[in-house]
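In case you want the letters, here they are:
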Amino acid sequence: MKKTWWKEAVVYQVYPRSFKDSNGDGIGDLKGVMQKLDYLVELGIDVIWICPMYKSPNIDNGYDISDFQDIMEEMGTMDDFDRLLDGVHKRGMKLILDLVLNHTSDEHPWFIESRSSRDNPKRDWYIWREEPTNWESIFSGPAWTFDETTRQYYLHLYAEKQPDVNWENPELRRALYDMTTWWLDKGVDGFRLDAISHIKKDYSNMPNPKGRGYVPAWEKMTDVEGILGFLKELRDKTFAKYDVMTVGEANGVTTDEIDEWIGEEHGVMDMLFQFETWYLRKPDEPCGVNVDALKGVLTRWQEAAQGISWNALYVENHDRSRIVSTWGDDTVYWRESATAVGFMYFFMQGTPFIYQGQEIGMTNAPFEDLVLYHDVKTLNFYRYKKAEGIEHEAIMQMIKMNSRDHSRTPMQWQGEGYGGFSTSKPWLDLNPNYTWLNVEAQRQNPLSVFNLYKQMIALRKNKEVLVYGAYKLFKTWYACVYAYTREDKKEKVLVLSNLKDELCAWSPPEGAVLLLCNYGAEDPYSLRPYEARVYQLEK
Ligand code: GLC
Ligand code: CA
């Protein structure tokens, strides 16, 4: 397997709106990110992925772009961006952007032209139809909206204000490649490719919606036959010519397709985010993960990629609720479970991604009232469920578990003054636990989530086997213990993570040396609730 800088890197995802506000308007911005670069150095980060900061009317927090080559006013200016890129590079880190190629804002000049008349030269840059299909949008409700001006429907897999571009049109594709190359020439170090498995659609056998309601026509809009042709072209015309990293948000892509999508020889990008682990929460329990199912899914990805490709390792991002509140236990074993989940995924083969706040164990927000939620997906979900006749309480229950806002509350830097995020009331309320759950408090405690993440990063950096070594599931007697080894010619390491509040009898193998543990003193006979350890084994 080829050695590359991005395989050895640890990536940190910044959601700039919620990271750090530099000018006191309650909204995070680019200068705010700049102010926190030394924090990321302290943590040991190599690459920053920044979520969209482009010009945008902001109905989906920047994922609705009205100018790909300009900066959203609230975020700052292009000068600020250039300074940020420079600041990142000066500190020896890299910066990757979120590249949104499936749709634009309806306020993008391309769409304004496209919707202006049926014979506009850019008409075909978007997807217009006389008759819509019965497809449901990923953000609830119909995926087609009727446009009065030209009396046709346009397609939007996401919100109404996010029309999908038409990848079948070569001119549109060229415009996207030119824009991508413009950023590469500016010196960015790669991209996270947003919604990339949706860029091709299958319009065959399109059922008409009349009288049938909307259906999630997943197979018609995800990883559709022929998509790889588009992605090969994208790769060849843009990033293939640069030493950059690419990671695709590739919902629906399976382990059978690893070679074509991300194979070292033929792949159209370097890594992808799989979605299979999203659905492994125990259904009838408030929290906790089905550990057996988790072992099955992650081991399948590890084995399928082994020797031919590379995984993107992650447990959180801006679209999921907080991991300690879903797979862990955010009450009694908050600290232990946040770190046990961390150990579990972080040492697998692949490039680890950490989402802002994950490194201090931030939790879901306890927001009861709908007015405290902001996310367009959440609000649409509420509206459509209500229209289906589902009761307010039941919908709120789902939102309290799954809303994307849980991961978007402002970063908790300190225990007073709006959590050190801003000097005025933030755009989205802070999680009230910022008074005790924050970076400053955790710097003091050697066993804090923050300090354990720091040590995890340092350990991976110092042990090549944790980067390139082979992964193998390690059997223990307990279903709730996720254990695996990493091995190369020289070394062997064992990672153990107890993902339940059970005491598990366990003794280390002969000659094992403890490298890292999320509890203080070692217990030679058992793994305590949510205890996690890393051992050097004899070879
Ligand atoms: C991706 C993003 C999500 C966004 C959507 C539409 O799934 O991660 O935040 O809402 O694409 O761009
Ligand atoms: Ca601001």
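Everything that follows concerns the structure shown earlier in this document.
Residues numbered from 1 in each chain as written. Chains lettered and ligands numbered in written order. Predicted model: local features only at pLDDT ≥ 70, side-chain atom pairs only at ≥ 80, totals over all residues. Heavy atoms only, no water.

A.B. asks: Tell me what's going on with the overall build of the protein, and back it up with residues and numbers.
C.D. replies: Across its full length, the protein holds 17 helices and 20 strands. Scaling as 2.2 N^0.38, a compact globule of 539 residues should have a C-alpha radius of gyration of about 24 Å, and the protein matches this with 23 Å. With the principal axes as the frame, the protein shows a C-alpha extent of 75 × 50 × 50 Å. Sorting the 539 residues of the protein into buried and exposed places 61% on the buried side. A separation threshold of at least 6 residues defines the contact pool for the protein, and within that pool the share at least 24 residues apart is 69%. Carbon together with sulfur atoms contributes 50% to the accessible area of the protein, which is approximately 20800 Å² in total. Distance from the positive charge centre (62 side chains) to the negative charge centre (83 side chains) of the protein: 2 Å. (Helix = DSSP H or I, 4+ residues; strand = E, 2+ residues; numbered from the N terminus. Rg over C-alpha atoms; globule rule 2.2 N^0.38 Å. Buried < 20%, exposed > 50% of the residue type's maximum accessible area, 1.4 Å probe, protein only. Contact = heavy atoms within 4.5 Å. Areas by Shrake-Rupley, 256 points an atom, 1.4 Å probe, with all protein chains shown as cover. Lys, Arg positive; Asp, Glu negative; His and termini not counted. Charge placed at Lys NZ, Arg CZ, Asp CG, Glu CD.)

A.B. asks: Break down the sheet that holds strand β8 (residues 152-155) for me, with residues and values.
C.D. replies: With antiparallel pairing, three strands are arranged side by side in an open sheet as β6-β8-β7. Looking at strand neighbours, the two that pair on one side only are β6 (128-129) and β7 (144-147), the edges of this open sheet. In this structure, β7 lies alongside β8, joined through four bridges in antiparallel fashion. In the strand pairing of β8, D147 is matched with Q152. (Pairing = 2+ DSSP bridges.)

A.B. asks: Tell me what's going on with the site of ligand 1, and back it up with residues and numbers.
C.D. replies: Around ligand 1, the structure places 13 residues, and the nearest of them are D60, H103, D194, E249 and D319. At 2.9 Å from an oxygen atom of ligand 1 is found a side-chain nitrogen or oxygen belonging to R192. Surface burial for ligand 1 is 97%, taken as the share of its 310 Å² of free accessible area covered by protein chains. Looking at side-chain class alone, the shell around ligand 1 contains three nonpolar, three polar and seven charged residues. (Near = heavy atom within 4 Å. Polar contact = N/O pair within 3.5 Å; in protein donor to acceptor, adjacent residues only side chain to side chain. Nonpolar A, V, L, I, M, F, W, Y, C, P; charged D, E, K, R; others polar.)

A.B. asks: Any chance you could break down the pairing of strand β15 (residues 481-487) for me, citing the residues and the numbers?
C.D. replies: By the criterion of burial, β15 is predominantly enclosed, with six of the seven residues buried. For strand β14 (residues 470-473) and β15, the ladder comprises four bridges, and the chain directions are antiparallel. Residue A470 lies in a different strand from β15, and its bridge partner there is E487. For β15 and strand β16 (residues 492-498), the ladder comprises seven bridges, and the chain directions are antiparallel. Looking across to β16, one finds that A483 is bridged to L496. Following β15, the chain reverses through four residues before pairing antiparallel with β16.

A.B. asks: Help me get a handle on the packing of aromatic side chains, residues and values and all.
C.D. replies: Evaluated as defined, the whole model comprises 34 aromatic pairs. Relative to Y484, the ring of Y471 lies with its centre 5.2 Å away and its plane at 35 degrees, an arrangement referred to as tilted. Of the two residues, Y471 is situated in strand β14 and Y484 in strand β15; the sequence distance between them amounts to 13 residues. Relative to Y535, the ring of W506 has its centre 5.8 Å away and its plane inclined at 45 degrees; by these criteria the two rings are tilted. With W506 in the loop between β17 (504-505) and β18 (513-517) and Y535 in strand β20 (residues 532-537), this pair connects stretches of sequence that are 29 residues apart. (Phe/Tyr/Trp six-rings, centres within 6.5 Å; stacked < 30°, edge-to-face > 60°.)

A.B. asks: An account of the nonpolar core is requested, with residue identities and associated values reported.
C.D. replies: Judged by nonpolar contacts, the single largest core of 136 residues is most densely connected at F81, W261 and F347. The element contributing the most residues to this core is helix α12 (residues 334-346), with eight residues. In this structure, F81 is in contact with L30, M53, I71, L95, L97, W183, K186 and V188, ignoring residues within four places of it in sequence. In terms of nonpolar packing, the next biggest core, distinct from the first, is built from 13 residues, W135, F139, L157 and Y158 among them. (Core = buried A, V, L, I, M, F, W, Y, C linked by side-chain atoms within 4.5 Å.)

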